[in-house]
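Understanding the architecture of this molecule
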Amino acid sequence: DAIKHFTNEANLMAQLSNHPSIVSVYQAAVAEDGRPYIVMEYCSRPNLQARYRAKRFSEAETMRIGVQIAGAVETAHRAGILHRDIKPANILVTDYDRPALTDFGIAATTSAQTQGGMSVPWAPPESFLAQGRPDPRSDVYSLAATLYTLLAGRTPFERPGVSSSSIDLMDRIQRGELPPIARHDVSASLGRVLATAMALKPENRYGSAMEFARALQRVQIELGLSATP
């Protein structure tokens, strides 16, 4: 089972690894002692989890990252692959300061009826339901939750001074009561885009990662910034 899981991840990443915002895979093999390994692009800079814990991100950088990773997610979806675990720790940063999505270890084809495995703080509410079936809008939710985290310096449903165990977070996520980011330097327009992408019901979210990226670009233009390609 472990070899099968490994081979699946290697194959999925290899399908997508030419994308500039997905970590490249160069080789996959089995060592002499029997352990499988993947040779991947080395991203020397701290991942986004390490960075947001040290300092909150600016609105401009957050939107740039959001558009670039949305492009990677859209590419995966068009190949029939759901990532299913988008979070700050799974976005590395290259030597050229470009974000790159990695860890397709629990990715699934969009036709597969699979559940579980997502990291709770960034997981969409449908991932906790027995009858829930993730689709591209689930990845849109997790990407938006990741961007929220970069801005807020905490995961979306954490509450300072209040218990935030996995059970607490699951309950809040399923109720969908998203607290405001509460930063004077984050525009209301960006807050609305993130809230739409994290809507409780999937049908109320952006229908695709591309649609989410276009919404972020519109905010960039509204604020007088260059739209990230």
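Residues numbered from 1 in each chain as written. Predicted model: local features only at pLDDT ≥ 70, side-chain atom pairs only at ≥ 80, totals over all residues. Heavy atoms only, no water.

1. Topic: the overall build of the protein
Scanning the protein for helices and strands turns up 7 helices and 6 strands. The order of helices and strands in the protein, counted from the N terminus, is α-β-β-α-α-β-β-β-β-α-α-α-α. Over its C-alpha atoms, taken along the principal directions, the protein stretches across nearly 55 × 40 × 35 Å. Taking all 229 residues of the protein together, 48% fall into the buried category. Once local pairs closer than 6 in sequence are excluded, the contacts in the protein between residues at least 24 apart make up 64%. Here the protein displays about 11,000 Å² of accessible surface, and carbon together with sulfur accounts for 51% of that area. With 24 positive and 23 negative side-chain charges, the protein shows a separation of 5 Å between the mean positions of the two kinds. (Helix = DSSP H or I, 4+ residues; strand = E, 2+ residues; numbered from the N terminus. Buried < 20%, exposed > 50% of the residue type's maximum accessible area, 1.4 Å probe, protein only. Contact = heavy atoms within 4.5 Å. Areas by Shrake-Rupley, 256 points an atom, 1.4 Å probe, with all protein chains shown as cover. Lys, Arg positive; Asp, Glu negative; His and termini not counted. Charge placed at Lys NZ, Arg CZ, Asp CG, Glu CD.)

2. What to know about the pairing of strand 2 (residues 36–40)
Bridge count for strand 1 (residues 25–30) against strand 2 is 5 bridges, and the pairing is antiparallel. Bridge pairing in strand 2 links Ala28 to Ile38. (Pairing = 2+ DSSP bridges.)

3. Considering the layout of surface pockets
Gaps left between atoms show up when a probe the size of a water molecule is rolled over them. Space inside the largest pocket adds up to approximately 160 Å³. Lining the largest pocket, in full, are Tyr148, Leu178, Pro179, Pro180, Ile181, Ala182, Arg183, Val186, Ser187, Ala188, Gly191 and Ala195. It is helix 6 (residues 188–197) that contributes the most residues to the lining of the largest pocket, 3 residues altogether. For the lining of the largest pocket, the residue count by class is 9 nonpolar, 2 polar and 1 charged. (1 Å grid on protein atoms, 1.4 Å probe; cavity = no way out; pocket = protein on both sides within 12 Å on 5 of 7 lines; lining within 4 Å. Points joined across faces, edges and corners; volume = space filled by probe spheres on them. Nonpolar A, V, L, I, M, F, W, Y, C, P; charged D, E, K, R; others polar.)

4. Considering the nonpolar core
Counting residues in each nonpolar core, the largest one holds 55 residues, and the members touching the most others are Phe104, Leu147, Leu190, Leu194, Phe212 and Leu216. Ranked by the residues each element gives to this core, the list is headed by helix 4 (residues 136–152), at 10 residues. Those residues within four positions of Leu147 in sequence are excluded, and the remaining contacts are Thr62, Ile65, Gly66, Leu194, Phe212 and Leu216. (Core = buried A, V, L, I, M, F, W, Y, C linked by side-chain atoms within 4.5 Å.)

5. A closer look at helix 7 (residues 209–222)
The terminal C-alpha atoms of helix 7 lie 20 Å apart, and with 14 residues this matches the ideal 20 Å at 1.5 Å per residue to within 8%. For helix 7, every residue scored as buried is listed here: Ala209, Phe212, Ala213, Ala215, Leu216, Gln217, Val219 and Gln220. Positioned one or two residues after helix 7, Gly224 has a phi angle of 80°, which is positive. (Expected span 1.5 Å × (residues − 1).)

6. Digging into the packing of aromatic side chains
Counted by the stated rule, this structure contains 1 aromatic pair. Here Tyr206 and Phe212 contribute two aromatic rings whose centre-to-centre distance is 5.8 Å and whose plane-to-plane angle is 25°, an arrangement assigned as stacked. (Phe/Tyr/Trp six-rings, centres within 6.5 Å; stacked < 30°, edge-to-face > 60°.)

7. Overview of the pattern of salt bridges
Throughout the structure, instances matching the rule amount to 12 salt bridges. Taking the shortest distance from any N to any O, the salt bridge between Glu126 and Arg205 comes out at 2.8 Å. Of this pair, Glu126 sits in the loop between strand 6 (108–109) and helix 4 while Arg205 sits in the loop between helix 6 and helix 7; the two residues are 79 residues apart in sequence, bridging distant segments of the chain. Its relative accessible area of 9% is what places Glu126 among the buried residues. Each of the salt bridges in this network shares a partner with another, and the network as a whole consists of Arg45, Arg51, Glu61, Arg64 and Asp97. (Salt bridge = Lys/Arg side-chain N within 4 Å of Asp/Glu carboxyl O.)

8. Here we look at the environment of Tyr26
Turning to its location among the elements, Tyr26 is positioned in strand 1. Here Tyr26 falls in the exposed class, since its relative accessible area comes to 57%. Between the alpha carbons of Tyr26 and Met40 there is a distance of 5.6 Å; along the sequence they are 14 residues apart. Leave out the neighbours within four places in its chain, and Tyr26 touches Val39, Met40 and Glu41.

9. Describing the packing of helix 6 against helix 7
The geometry of helix 6 relative to helix 7 is characterised by a closest axis approach of 10 Å and an angle of 175° between their N-to-C directions. What the angle tells us is that helix 6 and helix 7 run roughly antiparallel. In this structure, helix 6 contributes Ser189, Leu190, Val193, Leu194 and Ala197 to the contact, and helix 7 contributes Phe212, Ala215, Leu216, Val219 and Glu222. Here the contact of helix 6 with helix 7 is composed, by residue class, of 8 nonpolar, 1 polar and 1 charged. (Axes fitted to C-alpha atoms, helices over the stretch in contact; angles between N-to-C directions. Parallel < 35°, antiparallel > 145°, perpendicular 65-115°, else oblique.)

10. A few points about the environment of Leu225
Residue position: Leu225 is located in the segment after helix 7. According to the relative accessible area criterion, Leu225 is partly exposed, its value standing at 34%. When the C-alpha positions of Leu225 and Leu147 are compared, they lie 18 Å apart, and in sequence the two are 78 residues distant. Look past the residues within four positions of Leu225 in its chain and what remains in contact with it is Ala60, Met63 and Gln220.

These values are about where atoms sit, not about what they do.
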